[in-house]
Amino acid sequence: MNTVRTGTTRSAAAVTAAAALTIFTVTSATADPVEPELQAVEAVAEVQQVGYAVTALTLTFDRPVHLGELKDPASEIAVAATLRGTTAARTVTEVYASHDPVPGTPRSTGRYVVVELSTQDPNANVLYNEGGINLLPELDGAFTVDLGDGVQDGRGRVLLPPTDHPVANDGVISPIVDDYTRGHHEGTSGVRLPYALYTPDGYRSSGGHASRTYPLVLTLQGAGGRGDNGVSQVLVNELSVAFAGPESQEENPAFVLSPQAPLGPVGAGGSVWQHDGVQQSLLELLDEILATYPVDRDRIYVAGVSMGAMGIYDLLPQYPDLFAGALTATGSGDPATAMQTAHITATVPVWGTHSVDDFVVRYDTSFSDYAIMRAIEASGTPVTFAEWAGNLPDADNETRAQEQWDRATADGSQHLFTAWSAGTTPVNSHFAWVPTFSNATMIDWLFDQRR
């Protein structure tokens, strides 16, 4: 299976180890020997709802830093980003000491100082689109922090030492993403599929000798995640990390398998995942994972967006006994066969979502996922439909989803379809996956299904 771990990102443990080395020398205006010395700067990049963004810089010092709440951190600490030859400032929103290099655990004292950055900055998201795919620029050395004359408290004591020039980051911490293993599968069809695999904590902590089985979620990304780097399919949106994140893993520990679609070829329905050779390689990869890891064969799930959702509506009729359930966003079927295979698709529980005003994958075509669901309903299988705004707060979104799930249960329906009202989908009307994979209720529904 040729499993490898590659990339420039580093785990929290690696950052801790790196702290023992003096990577940067920061001069002090007072040459006070008790001043903390800056040893490393790491960029923190996280998968957000609409992509991979640098959300913080973590500064590692040689000793604990006593840092109270700064009244105006933006005036004392300057951060800039140079991406694809363009340099622009980043907005500092919060600064705090921590025992952890990953943001989110403020302390009054710690060897790490976390400098949080605004995710609303135009250059927060570091992916860029070229030729219809999302590419990742070089992030090592792309971000600088400048402490200027240093940060002092009200009595003139040095909290953070001055820098005589901006100091660049020498690595990247990627929470959740760093815990994936990356590899590739060479298919007998000749199609090479890079992939990322998340393994649950219980399995990892047992050294690979767990006495229990776990569910597995297969995620099929949209066209923007195509490529051969083995990681873009995890970074472009929350499809994969929604299942690998700590909240989901705490409730539903599971393996998450995220293959990366190649740049071509395209199947009859317009999706790479609908191509016979790609499907063959995908199923071979899945077979290898099932043979290698303790997976509950009655709890194999599939989730996908756009091109990936199209692939799901092609796979389910062909392999109705493989998956226990599917969660799709903005999908469609092969125009030539969608309606003929709808009754077979009906054997697998599916929750589909789609924006009413989607301008990329149309909601109102005769072969859209909405049309497929209506055909399933017409064949005598109950489907529970609902519509609400896609930009509701998460809690309201989840409440609406729970209400729809409850109605489906009362009606004896294993199929649900949610339409996001026109003009309410975040970012643009094609991004139906944003309110879908941030919805914990929909994810819980998926894990509730059994083959």
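As a reminder, the structure under discussion sits directly above these lines.
Residues numbered from 1 in each chain as written. Predicted model: local features only at pLDDT ≥ 70, side-chain atom pairs only at ≥ 80, totals over all residues. Heavy atoms only, no water.

Draft legend 1. Structural context of the packing of aromatic side chains. A complete count under the given rule lists 16 aromatic pairs for this structure. In this structure an aromatic cluster arises from ring pairing among Y203, Y214, F255 and Y293. Over the ring of Y214 we find R212, and its NZ or CZ is 4.1 Å from the ring centre. (Phe/Tyr/Trp six-rings, centres within 6.5 Å; stacked < 30°, edge-to-face > 60°. Lys NZ or Arg CZ within 6 Å of the ring centre and 35° of its normal.)

Draft legend 2. Representation of the pattern of salt bridges within the structure. Under the criterion given, the structure shown has nine salt bridges. R204 is the partner of D201 in a salt bridge, and the nearest nitrogen-oxygen pair spans 2.6 Å. One end of the pair is D201 and the other is R204, both in helix α3 (residues 201-205) and three residues apart, which spans about a single turn. Overall, the relative accessible area of 47% leaves D201 in the partly exposed class. Judged by relative accessible area, which is 33%, R204 ranks as partly exposed. One salt-bridge network, in which partners are shared between bridges, spans D179, D201 and R204. (Salt bridge = Lys/Arg side-chain N within 4 Å of Asp/Glu carboxyl O. Helix = DSSP H or I, 4+ residues; strand = E, 2+ residues; numbered from the N terminus. Buried < 20%, exposed > 50% of the residue type's maximum accessible area, 1.4 Å probe, protein only.)

Draft legend 3. Summary view of a negative patch on the surface. Residues E247, E250, E251, D444 and D448 make up a contiguous surface patch of negative charge. Of all elements in the fold, only α6 (246-251) and α13 (440-448) reach the threshold of two or more residues within the negative patch. The biggest single contributor to the negative patch is α6, with three residues. Mapped onto the fold, E251 is located in helix α6. In this structure E251 comes out as exposed when scored by relative accessible area, which is 59%. (Patch = residues over 30% accessible without salt bridge, like charges linked within 9 Å, V, L, I, M, F, W, Y side chains within 5 Å. Areas by Shrake-Rupley, 256 points an atom, 1.4 Å probe, with all protein chains shown as cover. Lys, Arg positive; Asp, Glu negative; His and termini not counted. Charge placed at Lys NZ, Arg CZ, Asp CG, Glu CD.)

Draft legend 4. Molecular detail of the sheet that holds strand β5 (residues 86-90). One open sheet holds the four strands; their spatial order is β5-β4-β10-β13, and the pairing between them is antiparallel. In the strand order of this sheet, the two ends are held by β5 and β13 (167-168), each with one partner. As defined by bridge partners, strand β10 (residues 143-146) adjoins β13 across two bridges and the pair is classed as antiparallel. Looking across to β13, one finds that V145 is bridged to V167. (Pairing = 2+ DSSP bridges.)

Draft legend 5. Quick look at helix α8 (residues 307-318). An ideal rise of 1.5 Å per residue puts 16 Å on 12 residues; α8 measures up with 17 Å between its terminal C-alpha atoms. Taking burial as the measure, the 12 residues of α8 include 11 buried ones, the bulk of the element. Where α8 is concerned, the buried positions are M307, G308, A309, M310, G311, I312, Y313, D314, L315, L316 and P317. (Expected span 1.5 Å × (residues − 1).)

Draft legend 6. The side chain of T384, seen in detail. Here T384 is to be found in strand β22 (residues 383-388). A relative accessible area of 2% means that T384 is categorised as buried. A polar contact of 3.5 Å, which involves the side chain of T384, links it to the side chain of S413. The residues contacting T384, other than those within four sequence positions of it, are Q404, R407, A408, D411, S413, H415, L416 and F417. (Polar contact = N/O pair within 3.5 Å; in protein donor to acceptor, adjacent residues only side chain to side chain. Contact = heavy atoms within 4.5 Å.)

Draft legend 7. Region of the structure containing the pairing of strand β20 (residues 325-329). The element β20 is largely enclosed, with a buried count of five among its five residues. Residues G325, L327 and A329 point to one face of β20 and A326 and T328 to the other, with burial holding for every one of them. By the bridge criterion, five bridges tie strand β19 (residues 295-305) to β20 in an arrangement that is parallel. By the bridge assignment for β20, V305 is matched with A329. Note: β20 against strand β21 (residues 350-355), four bridges, orientation parallel. Bridge assignment links A329 to a residue of β21, and that residue is T353.

Draft legend 8. Molecular detail of the sheet that holds strand β7 (residues 109-117). Taken together, the five strands give an open sheet; going across it, the order is β6-β7-β3-β2-β14, and neighbouring strands pair in mixed fashion. Because the sheet does not close on itself, it has two edges, and the strands there are β6 (92-98) and β14 (171-173). Across this sheet, the average inter-strand angle for adjacent strands is 30°, counted without regard to direction. Here strand β2 (residues 38-48) pairs with strand β3 (residues 51-66) via 10 bridges, running antiparallel. When the bridges of β3 are listed, Q48 appears paired with G51. (Axes fitted to C-alpha atoms, helices over the stretch in contact; angles between N-to-C directions.)

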